[in-house]
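Each chain, written out:
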Protein chains: 4
Amino acid sequence: MPILGQNQYGKAECRVLKVTRDGTTHHLKDLNVSVALSGDMEEVHLSGSNSRVLTTDATKNTVFAFAKERGIASAEAFGVHLARHFVVSQQAVRTARIRLEEYTWERIETPGEGRHSFVRTNQETRTAQVTFDGSAWQVISGLKDLVVLNTTDSEFHGYVKDRYTTLPETHDRILATQVHARWRHARFDDTVRSPDWDGSYRATRDHLLTAFADTYSYSLQQTLFEMGSRVVDHRPEIDEIRLSLPNKHHFLADLEPFGLTNDNEVYFAADRPYGLIEATVLREGAEPAIPVDLTNLP
Amino acid sequence: MPILGQNQYGKAECRVLKVTRDGTTHHLKDLNVSVALSGDMEEVHLSGSNSRVLTTDATKNTVFAFAKERGIASAEAFGVHLARHFVVSQQAVRTARIRLEEYTWERIETPGEGRHSFVRTNQETRTAQVTFDGSAWQVISGLKDLVVLNTTDSEFHGYVKDRYTTLPETHDRILATQVHARWRHARFDDTVRSPDWDGSYRATRDHLLTAFADTYSYSLQQTLFEMGSRVVDHRPEIDEIRLSLPNKHHFLADLEPFGLTNDNEVYFAADRPYGLIEATVLREGAEPAIPVDLTNLP
Amino acid sequence: MPILGQNQYGKAECRVLKVTRDGTTHHLKDLNVSVALSGDMEEVHLSGSNSRVLTTDATKNTVFAFAKERGIASAEAFGVHLARHFVVSQQAVRTARIRLEEYTWERIETPGEGRHSFVRTNQETRTAQVTFDGSAWQVISGLKDLVVLNTTDSEFHGYVKDRYTTLPETHDRILATQVHARWRHARFDDTVRSPDWDGSYRATRDHLLTAFADTYSYSLQQTLFEMGSRVVDHRPEIDEIRLSLPNKHHFLADLEPFGLTNDNEVYFAADRPYGLIEATVLREGAEPAIPVDLTNLP
Amino acid sequence: MPILGQNQYGKAECRVLKVTRDGTTHHLKDLNVSVALSGDMEEVHLSGSNSRVLTTDATKNTVFAFAKERGIASAEAFGVHLARHFVVSQQAVRTARIRLEEYTWERIETPGEGRHSFVRTNQETRTAQVTFDGSAWQVISGLKDLVVLNTTDSEFHGYVKDRYTTLPETHDRILATQVHARWRHARFDDTVRSPDWDGSYRATRDHLLTAFADTYSYSLQQTLFEMGSRVVDHRPEIDEIRLSLPNKHHFLADLEPFGLTNDNEVYFAADRPYGLIEATVLREGAEPAIPVDLTNLP
């Protein structure tokens, strides 16, 4: 007799744009919201009875209605509103997990007085995940697809040489990666004053960028740990960070056959395969809670 | 003082094609192999010392060398060879996890005597994940991107109606999904005779397809549970299956404004948002071990 | 004073699924339809006056309404209905171009009596483009993403050696490509009996596959020309074919450093860069009319 | 007897990164280069003889070697070097067409003295296409994936109402698009002083952005024409521009069922289908030369 294990359901990828009009100055919030609910849902799996099922369509409607009713102060704050709503209002729902992606826009500057024109920045995608089980909150913020590169201050040598090792050691290489990071906020309690989610995001992003740039690197693992440590050291509101860093290899083009010297000038940017370095960095005493394999990288 | 938590590294997406030549009849295996190693790796994170680090480049070389030395009997068998090798040969490596995607090809039939021409089938991607920690093995097989659709025998009604519910009930709808499934093999022991991985895969895939087709559905959750149960019931080698089923909505096109009746004939295939239904089905007594969010769906 | 040149507009990517019910046996047509209209449209560009503009929304509605009113006998036949409608019914529209992609499904075989369950085949995408200017028709059929591979019967040598040539000659290599083909039908006249579009498609696809498989190749250009010639020679209804064939390189893995011989057994499937071979093959006397760069390959 | 028509070949998507080191201040150029050669190539198609064929591998090598030998002053200038080289050095090559994509990076600001850390901006991709036939040059610059949005100053009404028109008129809507533009430079002669390609690009991009923002729009066609006209009016070096503008629909979410008023605040960002508006704008007297369908939009 097969048994039902962990299960969840909801509407994924609700693309909501919220415009706030302050006279002729307009503001945008552009989110992709995914709802996952779980709880007392045995019956619908076993018999198909939907008597305890809030439709995924209604969860989608709630996203759009809440954009109006509650506004979107930040991805995290919006997720908090939604997660609480589903758990509090639906008896069968024990846990709600809201995932959000945020796309950012900057103004197109024009001489006119209206301020309602925007261009998407595209640089990275901000992410958030808010989970609520009726008593405890978990908020994980993050970003993905932030591509960074150092043209020097990266070495790689002293590694194990087994039968299958052919890589030559190097004392000056390009180090490039596409940062995928998630960090968990400590002690969020819905009854206390709301954290400054946007300020926390900007500061954390800056620490990741500057730690990547500042670190004289002997391995991407070392750079990763430095990036994570910088965040944990400087941001008391963050207890844990998980980084997934593909090593975007840039190989020196071999120009010798053409009588040319390639003095670290011309590189081939490779696609696959790529190194993939992943680790969690924790505040001392913190329990790890960010899942290990939450990226879409193989 | 920040602490290092779970960490792993390796080469991702090694694209290896193996040709086996049996006279003029050739055979293909086409894999995408990702290696992740973990173990005694504190030092490289803290100081950048690579003295215990097998390079990701060497792990890539090993994939290609093993394709020659061991052959590729199946994705799972190849993963077993690789996982064992890294754990056994590298003192610092405690656990190796090999992920594999397999692309399938069928022959192009021609009157000539050579049998060396192929066309990619593209239907689904077979997946496998093999993990070894020096004593215990875990093998999770699976598939993704298998798109199925029933034009009838699907109803949806009797659900909760809250303030945000507007969806009309239906007694005949299209049910379509893109199957992403992972199933865990019980009791694989490297010293016993190797399982028939390919036979197990084909049988499991068939159960998923026929359970989807056979089930008169009152909810996608019910269909999901039926698919999972069918596998657990019929395949004694499988203890657990995790299914992630996006509800690929097909909405009836509204033709009334044009004086036309749409008698379940013309549908709009929507992209986003989509329902996302996920659950684990277990053999009684089995402990769940497949991670909950291992898809790249938001 | 800037001048308006060629212009066109319409709704792109209308995803329509049509179900035909023959008792308990159901049939599917699954299309992605893009409409582009052009004609007497100066005014809307210069002043924004929409008085001659049929909305793109109405062109989308027409796609869904016609699926009901005319049915979908084939991608081409459906495109003919749509193109004629827009040109005949809208005074300002001089030319209509309908592009269609078709996704194919096969039945899931079950013991039950209903025949309403399907699985997407995914192998290639069938394409069609129908253009009508009020008097002349042009119908271009095609396919894309058909991936084929020969494990032998491919050589490459005797080429020019300039200063930048380092490629070693080879007398046995893998030849693989992702076929993107478009072929133009001769003399389609809306008043004559409709061609057997589906039969023509199947036969042409078979010629492409078997020509690829049969040809002992000294260059991908030669294989391409043989594929195109086979179609023009055997299909009198086709006057011209354009093929775009990326050379999906499979490089022999270098196993020598590990003391292994790679006797054309283990290959690395590369992503980028890739050779890109494109050409038109014409019936003698035919005028070329298929645009040269209509693929989305760089 | 089938005839060979237009044909071309070369290596596509060579990913080259060039680092220039000015002391501790480093500079990057990051390109994706695709070479297409055509000329006296009948023989290789008919018999497979490669005696006039420069290998695509050599064209790739040339890209990397020229990055060293000639440097990359701009995408266009690099394309000019390559196109000339292939036509001048290879007797059989009559025409060379080089396509380039450029990815842009900005500095990560750090207190240290080294200036060698970068983050990818990702905003748009700059494109260039240089064609040379031994005597005449054609240079087409461009950009793609620049996403812009106005929250107001867009109306849409007064259009044709046919049987299939259901769209309500609107006097205040969101107008959003993903700009794909290509513009052709007049009179480039290799012997004259090289144009300021980068300055021309920046100015043209600014005109596109500000024209989009400034235009009070009654149709996307009108906005398109204004964008094109702005460029032709202000940039004497540009004779022609082709714009392809998908109408990224943002539909007002229907909040009435929930007793809420949606006063142009909450929108659903739709994926498919989308309007697609395309047109060429020309300087008076200029002959159009940019192909009509050079985007990868259906």
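Residues numbered from 1 in each chain as written. Chains lettered and ligands numbered in written order. Predicted model: local features only at pLDDT ≥ 70, side-chain atom pairs only at ≥ 80, totals over all residues. Heavy atoms only, no water.

Q: Describe the relation of the copies chain D and chain A, naming the residues involved and giving the relevant values.
A: Taken together, a rotation about one axis and a shift along it account for how the two chain copies relate. Screw-axis analysis of chain D against chain A gives a translation of 0.0 Å along the axis, an RMSD of 0.0 Å, and a rotation angle of 180°. With respect to symmetry, the two chain copies, as superposed, fit the operation of a two-fold axis. In terms of C-alpha distance to the rotation axis, chain D has asparagine 122 of chain D as its closest residue, with the C-alpha 2.8 Å off the axis. (Least-squares fit on C-alpha atoms with pLDDT ≥ 70 in both.)

Q: Mind laying out the side chain of histidine 249 of chain D, listing which residues take part and the relevant values?
A: By the secondary structure assignment, histidine 249 of chain D is in the loop between strand 10 (238–247) and strand 11 (250–252). Apart from the residues within four sequence positions on either side, histidine 249 of chain D is in contact with Lys11 of chain C together with Phe268, Ala269, Ala270, Pro273, Tyr274 and Gly275 of chain D. (Helix = DSSP H or I, 4+ residues; strand = E, 2+ residues; numbered from the N terminus. Contact = heavy atoms within 4.5 Å.)

Q: Any chance you could break down the pattern of salt bridges for me, citing the residues and the numbers?
A: Applying the stated criterion to the full structure yields 77 salt bridges over all chains. Its salt-bridge partner being aspartate 30 of chain C, residue arginine 15 of chain C comes within 2.8 Å of it at the nearest N-O pair. Remark: aspartate 30 of chain C occurs in strand 3 (residues 25–39) and arginine 15 of chain C occurs in strand 2 (residues 14–22); sequence separation between them is 15 residues. Among the ionic contacts, a cluster of salt bridges with common partners joins Lys29, Glu76, Glu102, Arg126 and Asp198 of chain A. (Salt bridge = Lys/Arg side-chain N within 4 Å of Asp/Glu carboxyl O.)

Q: Please provide a residue-by-residue account of the interface of chain D and chain A, values included.
A: One widely used convention gives an interface's size as the accessible area the parts lose upon coming together. Every contact between the two is made by 56 residues of chain D and, on the other side, 56 residues of chain A. A combined buried area of about 4,700 Å² lies between chain D and chain A, and 60% of that area is made up of carbon and sulfur atoms. In terms of surface lost to chain A, no three residues of chain D exceed Leu17, Lys68 and Thr151 of chain D, which account for 13% of the buried area on that side. In this assembly, chain D and chain A are joined by 2 salt bridges. Lysine 68 of chain D is paired through a salt bridge with glutamate 265 of chain A; the nearest N and O atoms lie 2.6 Å apart. For the pair chain D and chain A, the interface holds 31 residue pairs in polar contact (both at pLDDT 80 or more). Its residues assigned to classes, the side of chain D that touches chain A comprises 27 nonpolar, 15 polar and 14 charged. Strand direction decides the pairing type here: strand 12 (residues 266–269) of chain A and strand 2 (residues 14–22) of chain D, joined by 3 bridges, are antiparallel. The residue bridging valine 266 of chain A from the neighbouring strand is lysine 18 of chain D, located in strand 2 of chain D. (Buried area = accessible area lost by both parts, 1.4 Å probe. Polar contact = N/O pair within 3.5 Å; in protein donor to acceptor, adjacent residues only side chain to side chain. Nonpolar A, V, L, I, M, F, W, Y, C, P; charged D, E, K, R; others polar. Pairing = 2+ DSSP bridges.)

Q: Break down the environment of lysine 60 of chain D for me, citing the residues and quoting the values.
A: Looking at where lysine 60 of chain D falls in the secondary structure, it is placed in helix 2 (residues 56–69). Among residues more than four places away in sequence, those in contact with lysine 60 of chain D are Pro273 of chain C together with Lys11 and Cys14 of chain D.

Q: Tell me what's going on with the domain arrangement of chain A, and back it up with residues and numbers.
A: All names here are of chain A. Splitting chain A by domain gives domain 1 (14–103) and domain 2 (107–249 + 268–282). Distance from the C-alpha centre of domain 1 to the C-alpha centre of domain 2: 27 Å. Facing 27 residues of domain 1, the contacting portion of domain 2 comprises 25 residues. Buried area between domain 1 and domain 2, both sides added, is near 2,200 Å², and the carbon and sulfur share of it is 53%. For domain 1, the biggest contributors to the area lost against domain 2 are Glu76, Val80 and Glu102; these three give 25% of the whole. Across the pair aspartate 198 and lysine 29 runs a salt bridge whose closest N-O atoms are separated by 4.0 Å. Summed over the shared surface of domain 1 and domain 2, the number is 11 residue pairs in polar contact (both at pLDDT 80 or more). Secondary structure elements with two or more residues in the side of domain 1 that touches domain 2: strand 3 (25–39), helix 3 (75–89) and strand 4 (93–103). With 10 residues, strand 4 is the single largest residue contributor to the side of domain 1 that touches domain 2. (Domains from an automatic or database assignment.)

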